[in-house]
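These are the residues of each chain, in order.
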Amino acid sequence: MTPGAKERLSILVGACLVTACAARGPVSFTSLTIDEGVEGAYLTALGDVNGDGRMDVILLSVRSPEVFWYENPHWTRQTLVSGISPAAVAAAVDSDESGRARIIVLTGFHRDDYEKNTGELVFLQRGVEARAAEVFAREPAAHRAAFGDIDGDGDRELVVAPLSGPGEESPIDSLAPTPLVYYDPPDPTRHIITEQLSGTVHGLTLVRWDGDEREDILTAGFDGVFLHRLVSDGAGSLEWRSDRIAAGRAADETGRAGAGDIRVGRLAGGERFLATIESVHGGEIAVYRADDRGVWRRRLIDHGFELAHGFAVADFDGDGGDEIIVSDSRGAGGVFLYESHNHENGLKWRRRQIDDAMSAGACEPADLNSDGRTDLVCAGMLTRNLKVYFGRR
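Residues numbered from 1 in each chain as written. Predicted model: local features only at pLDDT ≥ 70, side-chain atom pairs only at ≥ 80, totals over all residues. Heavy atoms only, no water.

Draft legend 1. Region of the structure containing a negative patch on the surface. The grouping of Asp 153, Asp 155, Asp 184 and Asp 187 at the surface amounts to a negative patch. Counting through the fold element by element, Asp 184 comes out in strand 13 (residues 177-184). According to the relative accessible area criterion, Asp 184 is partly exposed, its value standing at 32%. (Patch = residues over 30% accessible without salt bridge, like charges linked within 9 Å, V, L, I, M, F, W, Y side chains within 5 Å. Areas by Shrake-Rupley, 256 points an atom, 1.4 Å probe, with all protein chains shown as cover. Salt bridge = Lys/Arg side-chain N within 4 Å of Asp/Glu carboxyl O. Lys, Arg positive; Asp, Glu negative; His and termini not counted. Charge placed at Lys NZ, Arg CZ, Asp CG, Glu CD. Helix = DSSP H or I, 4+ residues; strand = E, 2+ residues; numbered from the N terminus. Buried < 20%, exposed > 50% of the residue type's maximum accessible area, 1.4 Å probe, protein only.)

Draft legend 2. Molecular detail of the pairing of strand 12 (residues 157-162). Burial analysis of strand 12 places 6 of its 6 residues in the buried class, which makes it a mostly covered element. Of the two faces of strand 12, the one lined by Glu 157, Val 159 and Ala 161 and the one lined by Leu 158, Val 160 and Pro 162 are each fully buried. Of the pairings in the sheet, the one linking strand 11 (residues 142-148) to strand 12 comprises 6 bridges and is antiparallel in character. Paired with Ala 145 across the bridge in strand 12 is Val 160. Bridge count between strand 12 and strand 13: 3 bridges; the pairing is antiparallel. Of the residues in strand 13, the one forming a bridge with Val 159 is Tyr 182. (Pairing = 2+ DSSP bridges.)

Draft legend 3. Quick peek at the sheet that holds strand 8 (residues 101-107). Taken in spatial order, the 4 strands make up an open sheet running 7-8-9-10, and their pairing is antiparallel. In this open sheet, the two edge strands, each paired with only one partner strand, are strand 7 (90-95) and strand 10 (133-138). In this sheet, adjacent strand axes meet at a mean angle of 25 degrees when their direction is disregarded. Sheet topology note: the strand 9 (residues 120-124)/strand 10 ladder contains 5 bridges and is antiparallel. When the bridges of strand 10 are listed, Phe 123 appears paired with Glu 134. (Axes fitted to C-alpha atoms, helices over the stretch in contact; angles between N-to-C directions.)

Draft legend 4. A look at the state of the cysteines. Under the counting rule described, the total for this entry stands at 1 disulfide. Disulfide pairing is shown between Cys 363 and Cys 378; the S-S distance is 2.2 Å. Here the disulfide of Cys 363 and Cys 378 is right-handed, its torsion about the S-S bond being about 110 degrees. Note that Cys 363 is positioned in strand 27 (residues 360-366) and Cys 378 in strand 28 (residues 375-380), a separation of 15 residues in sequence. According to the relative accessible area criterion, Cys 363 is buried, its value standing at 1%. Here Cys 378 falls in the buried class, since its relative accessible area comes to 0%. (Disulfide = S-S within 2.5 Å.)

Draft legend 5. Molecular detail of the nonpolar core. One finds Ile 58, Ile 103, Val 105, Leu 106 and Val 160 to be the most contacted residues of the largest nonpolar core, which totals 42 residues. With residues up to four places along the chain from it excluded, the contact list for Ile 58 reads Leu 43, Thr 44, Ala 45, Val 49, Val 67, Phe 68, Trp 69, Leu 80, Val 93 and Ile 103. (Core = buried A, V, L, I, M, F, W, Y, C linked by side-chain atoms within 4.5 Å. Contact = heavy atoms within 4.5 Å.)

Draft legend 6. Representation of the pattern of salt bridges in the model. For the structure on display, the rule yields 26 salt bridges. A salt bridge links Arg 256 to Asp 173, with the shortest nitrogen-to-oxygen separation between them at 2.8 Å. Pair noted here: Arg 256 is in the loop between strand 18 (238-246) and strand 19 (261-266) and Asp 173 is in the loop between strand 12 and strand 13, with a separation of 83 residues, a long-range link. Linking Arg 229 and Asp 210 is a salt bridge whose minimum nitrogen-to-oxygen distance equals 3.2 Å. Residue Arg 229 is found in strand 17 (residues 224-232), and its partner Asp 210 is found in the loop between strand 15 (201-207) and strand 16 (216-221); the two are separated by 19 residues along the sequence. The exposure class of Asp 210 is partly exposed, given its relative accessible area of 39%. Residues joined by salt bridges that share partners form a network here, namely Asp 94, Arg 102, Arg 156 and Glu 215.

Draft legend 7. Just unusual backbone geometry, in detail. Asn 72 connects to Pro 73 through a cis peptide bond whose omega is 15 degrees. Each neighbour pair has its own omega, and for Pro 86 with Ala 87 the value is 0 degrees, a cis peptide bond. Note on placement: Ala 87 falls in the loop between strand 6 (76-81) and strand 7. Backbone geometry places Ala 141, a non-glycine residue, at a positive phi of 65 degrees. Structurally, the position occupied by Ala 141 is in the loop between strand 10 and strand 11. On the basis of relative accessibility, which here comes to 0%, the residue Ala 141 falls in the buried class. One non-glycine residue, His 281, adopts positive backbone phi at about 55 degrees.

Draft legend 8. Just the pairing of strand 25 (residues 335-339), in detail. Counting buried positions along strand 25 gives 5 out of 5 residues, so the element sits mostly inside the fold. Burial of the side chains of strand 25 extends over both faces: Val 335, Leu 337 and Glu 339 are buried on one face and Phe 336 and Tyr 338 on the other. Relative to strand 25, strand 24 (residues 323-328) is paired through 4 bridges, and the arrangement is antiparallel. Of the residues in strand 25, the one forming a bridge with Ile 325 is Leu 337.

Draft legend 9. Spatial organisation of the confidence of the model for the protein. Confidence along the protein averages 89 in pLDDT terms, with 91% of residues attaining 70 or more. Considering only residues more than four positions removed or in separate chains, one finds that residues 3-24, a stretch of pLDDT under 50, has 51 contacts. (pLDDT = per-residue confidence, 0-100.)

Draft legend 10. Spotlight on the packing of aromatic side chains. Enumeration over the complete set of coordinates arrives at 7 aromatic pairs. Taking 5.3 Å as the distance between ring centres and 65 degrees as the angle between the ring planes, the aromatic pair formed by Phe 273 and Trp 349 counts as edge-to-face. Pair noted here: Phe 273 is in strand 20 (residues 272-278) and Trp 349 is in the loop between strand 25 and strand 26 (350-355), with a separation of 76 residues, a long-range link. Across the pair, Trp 349 and Phe 273 agree in class, each one buried. Between Phe 305 and Phe 336 the ring centres are 5.8 Å apart and the planes differ by 65 degrees, which places this aromatic pair in the edge-to-face class. You can see Phe 305 sitting in the loop between strand 22 (296-302) and strand 23 (308-314) and its partner Phe 336 sitting in strand 25, a full 31 residues away along the chain. Members of the aromatic cluster, connected to one another through ring pairs, are Phe 29, Phe 316 and Tyr 389. In this structure, Arg 272 packs its charged tip against the face of Trp 209, placed 4.3 Å from the ring centre. The residue whose ring lies beneath Arg 351 is Phe 336, and the NZ or CZ to ring-centre distance is 4.2 Å. (Phe/Tyr/Trp six-rings, centres within 6.5 Å; stacked < 30°, edge-to-face > 60°. Lys NZ or Arg CZ within 6 Å of the ring centre and 35° of its normal.)

Have a look at this one:
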């Protein structure tokens, strides 16, 4: 554990935040603060950095030229790479043949001026010590990235979603066409998926949408939620197709419409649902379920966040259905869990606060201690801390 970090473990159940409180629900968490005072803490990523079979935590800061990693299980902070160009805003993690993580970091980001974006895609060379950084490509305003086998060839490509395309507006409020691309790191060749997304794009997730060998892509932005996938062109080849499957919210008081982030989950009965933050840096949480015609119907489940940013969907209580995690990165902060009981079938969601001392820019779920329960890692933008929440049932 990082020197100076809190040694005390707290049991967090609902809104109860003291060490010895009685459980009031099917899932609770034991929290561990593994770092404090981290300026610009923005995003976390998970991967086996040192090849020991355990999932480690990677932390990005928008103000630091260093990327840190925290070694599981003692959570000692180490430097993954130094000398990169702030702001680092995303990391994508994959595994090489040895099981050790291969890591891409997106740096040189500027949200308010497109021309100031250097858009460096940094490939971190293998090794346990601080890694050598190779800028293998540049994608201006690159803001989200994920590895996935999007063409079904057995290899995992790097999908990159810029916040915006070139335009006079700031990237966070862009109306310009925005590209979606992929790379095969460290090959710098740029492959276009689409160049016709309209305005700011803030969310990216990969999912096996239709059960074939390819992973498909979901994006969230001013123009709504889009599904991007390879389909037959009718002549024996495949081509990229992009379909809007949800419009998101109408324009709010800032003029921002659509959706700001997207996750995919399953209800206990197996039905797929979509969870969104709306709009970009918005304050509404919505769930979408497909009707009998395949139309995704919106249900608002919460509102009033100042800037919802930390976001995750996973089965934390082990009932076969996924819960939703949301954190407000401004205002009163807090981390909240939304659950829908089996008999409610996604029609009703209950909210419980699991922490009031975290304003997360990012939250990532994974089983970090190999006990079969889903845990959570959150990085505090406003609170400048990094916490692990170990799942308990």
